[in-house]
Amino acid sequence: MDNVEGNIDVDDFFNLDLESVFEEGSWDEFDHITGSAAAAGDHVSNSSVPELTGVGTIRNTDSGGGTSHATQPPLSAAPQPTVVINRAELISSSTRSFVYRSQDTGIKLINQGLSTPPNVPQTMQKLLHEETVSRRLRTHCNNHRQVIEVGSFNDSPALYFKWENGITCKEWLDKVQQIHPNVVDWPVRVRAAMAIAKTLSQFHQCSVAYNSLSPENIVLTPLEGDYVAKFIDLSDAVICSDEQTFKEMMAVDLRSLGLIFDELFHFEGVGGGGGGGERGDNAGEGFSNNRRVSINSDREDEQVSRNVRKRGKQRTPGEGLPFYLGAIISTLLINGDDNNASQLRYKSASDVYEDLKAMVVQNLSHHRSNGQTDDFDHEGCGRLKFPKDLFYGRQVQMSMILHLLQSSTLLGDQPLMALIAGYPGTGKSTLVNQIKKPLADKNGFFIEGKFDVSARPDKVLASALDSFFASIHASNSGQNTHMSMRWRINDAIGSGVSCLYDVIPSLRKFMTESTEMDRMEERKIGGDLIGQRLKYMFCKLIKAIPCRSQPLVLVLDDLQWADKLTFGVIRMLMTDPDIHSFLFLGCYRENEVNESHILSTNLNDIRDQGINFMTIKVGAIEMESVNALISDVMCLPPTLCRPLSTIVHQKTGGIIMFVQRLLTSLNDEGLVWYSLSSHRWMFDLQNIEVKEMSEDVVKHMTEHMGRLPKKTQVGLKLCACLGPTFDAAIVEKALNGANIVDNFLESCVDNGYLQTKGDSGYYAWAHDQVQQAAYELIPLHQRDKFHLLIGSRLFLSASTSETDRFLFYIVDNMNRGMTLVDNPLQKYELAELNLRAGEKILERHSFQSSVKYLMTGIALLENDSWEKKYGLTIRLYDAASEALCATGDFRTLTALAEKPLLLARCFQDKLNIYNNLVRALSSSENHEKCIATCVSVLSQLGEFLPTHIAPDILSEEVTEVKLALVEKSRQDLLSLPVMTDTKKLTAMRFLNHMLIATYHSNQPLNLIVVFRMVRMTIDYGVCNISAIAFACYGAWLASSPNDEYEGAFTMGRVASDLMKKQSGAEAEILPRIYLLIYGMINIYKEPWQASLCKYSEAFDAGMISGDTEYALSNITLYFTLSLFACGTNLKESSQRLHKSIQRAMQYQHISLARVLAIAEQMAFDLMGTNSNAYETLLGLDEEALQHFLVRKNFANAVRNLYQKIKYVSYMCGDMDAAAKHYDLQEELDANFSAVPASTGKTVFFLVSTFIDGLIGLYFARKHREDEVKWTLVAEKAIELMKKWTNSSSWNFSNKLYLLQAEYFFYKDDERAYTCYKRSIQKAREHKFNHEEGLAHEKLATYLLYKNQHDEALQYFQNAKKCYATWGANVLVQRVEKAITILSPLCTGGV
């Protein structure tokens, strides 16, 4: 409350006065103010009051005024009262009545003056009428004089009633005004007004019209923080039985209520002009809210009003009050003869009460004085002003979003996602914006981006992040917040953050620790692998922003126009197990998305990957919400707006943007206007109701814009063609001197068409629907011509520097009109502009948009472009192939490459297209065509590779490479010169492309490729690919039959050292080097567990550099090693595996996804779940997948599947299935190639060999006809395990001991027991928990064979514990069965 003078709380003052009236003398301190004349009625006054006998000066009676001298009423015949009166005081008297009090009872006598004889029947009739009214009111109202009975007092007719404590409204207003004339406390007075309106409403509910409402007849009493208004003197009240009469009487009461409110809320010194004081019954006459047809008439009224006020004219009712209150008062006092205004009249007191109640609920938000006419300047007089966020009728949807925010904050263990779907203009964006405040209260971060149908979609996410970091950098938030976020970003991305600086410039400013070295590194990393890198880098960056105490909300609006890159980022974010305290909200237009839409297909993919998300529907708002909106905008009470709201809701269907635009147009047309005479907004209901308008908001806005001046329309059309955002300079250039209205852009902002973008000089459309409406002003058949005109004007009038600045505005508009360009020279000129645009954003990694410009440029080329415009043509094809490869559109790239590979003038011009083509072929698993293309390119570079490899050819290649390396020490290799021959550098690049394709489909050729790369490095010097060549060679040495492990380790160290010497290229080749060193070389020497972190490091490096294929290859080896070799917990591993499968699918690396799915299925099988890991991959079960892979001749995938089935079958005790798949694997290896060759073997092969030996020994013990076969299998496995154990005891000793124990068991050799025990010991020491369990189980089986039941039981129990730790529930259950059978046979001793 505003206390103008002193620290006085009028609310407390009011309550204190009412409560203190019961204390003797408590009013005496105010006697010098109020004098002897106090309030009337049946309230208590503790002033000196004369006794019943004698004559004295007394207070006013029920409704009279002033004082009177009266004698005691004469005796007359009247009923005897049943009330016992001990002592009565005369409280007040008037010309109409005397009022006495006896304790809790009041007594009213009619003052008959000097009339003789007294008219007793007439007096009785008056009193009985008052009693009748009182009893009628008891059904719904207690806030009136409660009549006890009509009887006699001193032999005169008297009305006995229940005494009510309180103070009259008149007396209270007088006291407060005299003591604190400048104190304004709206809440106190509004609650008092509510009490009065509520009591009047209760009277009317009983069909009683009070008929003489005045401040003197209203007694106010505090009750539980509110007020109660009680009406006294019911003598003039009327009980109405006729409906028409009752309506007329209610109108009288409502008018009286308006006069009381006007007096209640008016203060001297508050609001406008003079006035105040007592008002007669005609105080409100002459106040008319006649409808105004035009705004100009109100301007005249305004001038007259100002002039008259200067001369001291008394204010009009409601003037100087808040709009809301002023509207209530002026409406209550509206002229009943105005039929048009009668539609805006209050119909009941209950409506008045509800409007006052709404004002209290809204916390008295409309405190702008309606006397402040300076708000209505000459230019903007009478224009509706809408809040920035029209948030109405969305409480349910908002609660759902807040629940998600709360969950992401409190739990934060996984990312959450919700989609907001609705038609255009329903308020989706406004709904999402409401989360900003609660998010800020949690110290959270908010990132928002918006797609547009005419803007480049692949820059939206980058722009959103750029805006976010710019705001963070400019904010005054604590440096600790900035520093901790920088640390998180550095931890997540490291120096790789520099690759984001081009697409997110403000990130460079934020990351103050970044160095120029980072930029140099980024330039070297760029090139071939940037296509998929951005997705991963965006995810890493976004993941680093939030923390537990600072959640992040990412909002992307209009997802129906999003691109593949954005959907890829969303999928990666939602499937990342390490992202916390993150909520993604996406908005899209429900009416523009069907089942075949890119959004639907991507959402289905997300759902198929196990990501649950909520869809929040946003539809039309209810009529009451429309009413609340109009009430807020017009500062009118809800009841007064309801007639208009009903019509507006019917015409707009509750689409909130349509509501806003309709109200704006009605305001512009004079059907809604601000009346300066009544100080409130008025509206012409009749004309609004019959007004015809389109049901489509865009069409309606277009019709409205069509009535604007022609010059304004030209400007709107032009701006609509410039896109969602633009700056003033581009508008000026595009107009090129065209005559439009002055201050055009500012007027568009004032009219709600445009919004300013801070102080940047840029403008944005208020909504894309507004832009569409302006665009619809251009006739359909003229749009292409209009776009071409704008683009041409910009191009011709711009300087060289301006052309670069306005390039995309020029190209976008000219492309829209390209069908009108016939001149070949102009086509080539436009193609050149498209090339510039495509190359420019290709540098910024906006690949999808780059493809659009480059493909448009190609489409503009004439048939003779290869002869007349060769340079332009080859550059377009070259850049387009790179952009298509980056986007993963391999089908289009393959088709595009045909023409330049056929028509390019020289081989050198084809090389980059060849490079992109083979990458596309490899990624799409077209290995044979990839190999054939590489062989063809290499032959033109002077490197000839054999297509059919016989054993002698391979032997010759091995001899040559060994001769090249003879006497070459590690230092000699590291000291080789740098390769400078461009042909050899190109050849190395294409040999490198062949590595994966040949590894999957032609391993003998894979070896030859490796050997050629090594020889070329020795002969011509080292390059970054040389490190990969030596690593591959080392992998081959490690897997060769000659046990060249030391040579392999040497080659691995050479590769690692060469990688470190390649400054800037280290991050690019690290995934490949680590894959070979830790996946195929060091597995023979270093503990397997130590390699797990190296795979994770290589995965991150690969994703950052964009080498997603090798990144995912490393993570595949990670899970193969952890599940098959290290025995990590199956449940935890399977959960992480599933995320990796999803990621491989996102990047279209199907072969790697299959390997990961095989590993996940192994975990499912051992855990005993019924899940099918292959379902989301191909929709197949394991048997169908096996047939599919065999049919497709995917040998490596088939081998992996056989090894997995063999492993699970053996561990689960299905020995026949294990033997079957051993045979299938052997058959596959025999048929795969006539030349046994392998670049390297992974840990999968090593574990598979171990299992082969165990299978062989199991069947050898059966002594069947195939005993020799299985014995040989076991002996071969034992020999290999011995060699491997000599190289790495840590990894292989426990396996060797277990194979030897099983072999001694087969030979019935007592040494078996010792070997079992040693296997258990080594497995425990070397952290192979799963193989420790296997050794316990095998020893228990051996002891069972020896009839040592008690000791066997102990080892079965030990096996159960190990399997339980591993999470292999199937194995636990199998061992439990053995324990159950064995337990009864045991004696309890060991």
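Along each chain, residues carry numbers from 1 onward, in the same order as the chain's sequence is written. In keeping with the predicted nature of the model, local features appear solely for residues at pLDDT of at least 70, side-chain atom pairs appear and are counted solely at 80 or more, and the whole-chain, interface and lining totals rest on all residues. Derived side-chain values reflect all non-hydrogen atoms in the structure, with water molecules and hydrogen atoms excluded from consideration.

Details of the overall build of the chain
Argument step 1. Strands are runs of DSSP state E lasting at least 2 residues, helices are runs of H or I lasting at least 4, and numbering of each runs from the N terminus. Helices and strands together make up the secondary structure of the chain, namely 61 helices and 20 strands.
Argument step 2. For every residue, the accessible area (1.4 Å probe, protein chains only) is compared with the maximum for its type, and the residue is labelled buried under 20%, exposed over 50%, or partly exposed between those bounds. Taking all 1390 residues of the chain together, the buried fraction comes to 57%.
Argument step 3. Only heavy atoms enter the contact rule, under which two residues are in contact if any of them lie within 4.5 Å. Relative to all contacts within the chain whose residues are 6 or more apart in sequence, the contacts with residues 24 or more apart total 72%.
Argument step 4. Summing over all exposed atoms, the chain offers an accessible surface of approximately 57,200 Å²; the carbon and sulfur share of this is 50%. What sets the accessible areas is the Shrake-Rupley method with a 1.4 Å probe; for residues, cover comes only from the shown protein chains.

With respect to the sheet that holds strand E12 (residues 445–450)
Argument step 1. Pairing in this open sheet of 5 strands is parallel, and the strands run E12-E13-E14-E11-E15 from one edge to the other. At either margin of the open sheet sits one strand with a lone partner, and together these are E12 and strand E15 (614–618). For this sheet the average axis-to-axis angle between neighbouring strands, irrespective of direction, equals 15°.
Argument step 2. Taken together, the 5 bridges between strand E11 (residues 416–422) and E15 define a ladder with parallel strand orientation. Following the sheet pairing, Gly422 is matched in E15 by Val618. When DSSP finds two or more bridges between two strands, those strands count as paired. Here, axes are lines fitted to C-alpha atoms. For helices the fit covers the stretch in contact, and angles between N-to-C directions go from 0 to 180 degrees.

Considerations on the environment of Thr652
Argument step 1. Its place among the elements puts Thr652 in helix H22 (residues 638–652).
Argument step 2. Through-space distance from the C-alpha of Thr652 to that of Val697 is 8.0 Å; in sequence the pair is 45 residues apart.
Argument step 3. When neighbours within four sequence positions are excluded, Thr652 is seen to be in contact with Phe658, Val659 and Leu662.

Quick notes on the pattern of salt bridges
Argument step 1. A pair is scored as a salt bridge if a Lys or Arg side-chain nitrogen falls within 4 Å of a carboxyl oxygen belonging to Asp or Glu. Scanning all chains against the criterion turns up 49 salt bridges.
Argument step 2. With a closest N to O distance of 3.3 Å, Arg642 and Glu624 form a salt bridge. Here the residue Arg642 occupies a position in helix H22, and Glu624 occupies one in helix H21 (residues 623–634), the gap between them amounting to 18 residues.
Argument step 3. Glu624 gets classed as partly exposed once you look at its relative accessible area, which sits at 44%.

Section: the sheet that holds strand E2 (residues 97–102)
Argument step 1. If you walk across this open sheet you meet the 5 strands as E1-E2-E3-E5-E4, and the pairing is antiparallel. Unpaired on one side and paired on the other, strand E1 (89–93) and strand E4 (147–153) mark the two borders of the sheet. Sheet twist, expressed as the average angle between the axes of neighbouring strands with direction ignored, equals 30°.
Argument step 2. In this structure, strand E3 (residues 105–110) lies alongside strand E5 (residues 156–162), joined through 5 bridges in antiparallel fashion. By the bridge assignment for E5, Lys108 is matched with Leu159.
Argument step 3. Those strands touched by helix H3 (residues 120–137) are E3, E4 and E5, and its axis lies near 165° from that of E4.

Side note on the packing of helix H47 (residues 1088–1105) against helix H48 (residues 1108–1125)
Argument step 1. Orientation of H47 relative to H48, taken along the N-to-C sense of each, is 160°, at an axis distance of 8 Å. The pairing of H47 with H48 is recorded here as roughly antiparallel in orientation. Handedness of the H47/H48 crossing: left-handed. Across from Trp1088, Ser1091, Leu1092, Tyr1095, Ser1096, Ala1098, Phe1099, Gly1102 and Met1103 in H47, the residues of H48 making contact are Thr1108, Ala1111, Leu1112, Asn1114, Ile1115, Leu1117, Tyr1118, Leu1121, Ser1122 and Ala1125.
Argument step 2. Residues belonging to the contact of H47 with H48 are distributed by class as follows: 13 nonpolar, 6 polar and no charged. Oblique is the label for every angle not falling under 35 degrees (roughly parallel), over 145 degrees (roughly antiparallel), or within 65 to 115 degrees (roughly perpendicular). For a crossing to be left-handed, the near helix must be turned anticlockwise from the far one by less than a right angle; the clockwise case is right-handed. Amino acid classes used here: Ala, Val, Leu, Ile, Met, Phe, Trp, Tyr, Cys and Pro are nonpolar; Asp, Glu, Lys and Arg are charged; the rest, including Gly, are polar.

What to know about the confidence of the model for the chain
Argument step 1. Looking at the chain, the pLDDT average stands at 80 and 84% of residues meet or exceed 70.
Argument step 2. pLDDT runs from 0 to 100 and stands for how confident the predictor is about each residue. Below pLDDT 50 for its whole length, residues 371–380 participates in 12 contacts with residues either more than four positions away or in separate chains.
Argument step 3. Scored below 50 in pLDDT, residues 513–529 shows 37 contacts in the model against residues more than four places distant or in partner chains.

What to know about the pairing of E2
Argument step 1. Counting buried positions along E2 yields 6 of 6 residues, so the element is predominantly enclosed.
Argument step 2. Every second residue of E2 is oriented toward a common face, with Ser97, Val99 and Arg101 on one face and Phe98, Tyr100 and Ser102 on the other, all of them buried.
Argument step 3. In textbook terms, the turn of a hairpin is the stretch between consecutive antiparallel strands, and for E1 and E2 this stretch comprises 3 residues.
Argument step 4. In this sheet, E3 lies alongside E2 in antiparallel orientation, the contact comprising 6 bridges. Within E3, the residue paired with Phe98 across the bridge is Leu109.
Argument step 5. Between E2 and E3, which follow one another and run antiparallel, lie 2 residues, and Gln103 among them has a positive phi close to 55°.

Quick notes on the packing of helix H53 (residues 1195–1212) against helix H55 (residues 1243–1260)
Argument step 1. Running from N to C, H53 and H55 cross one another at 45°; their axes reach a closest spacing of 10 Å. Between H53 and H55, the crossing angle belongs to the class labelled oblique. Between H53 and H55 lies a crossing of left-handed hand. Across the interface between the two elements, Asn1200, Gln1203, Lys1204, Lys1206, Tyr1207 and Tyr1210 of H53 pack against Phe1244, Phe1245, Val1247, Ser1248, Ile1251, Asp1252, Leu1254 and Ile1255 of H55.
Argument step 2. Considering only residue class, the contact of H53 with H55 consists of 8 nonpolar, 3 polar and 3 charged.

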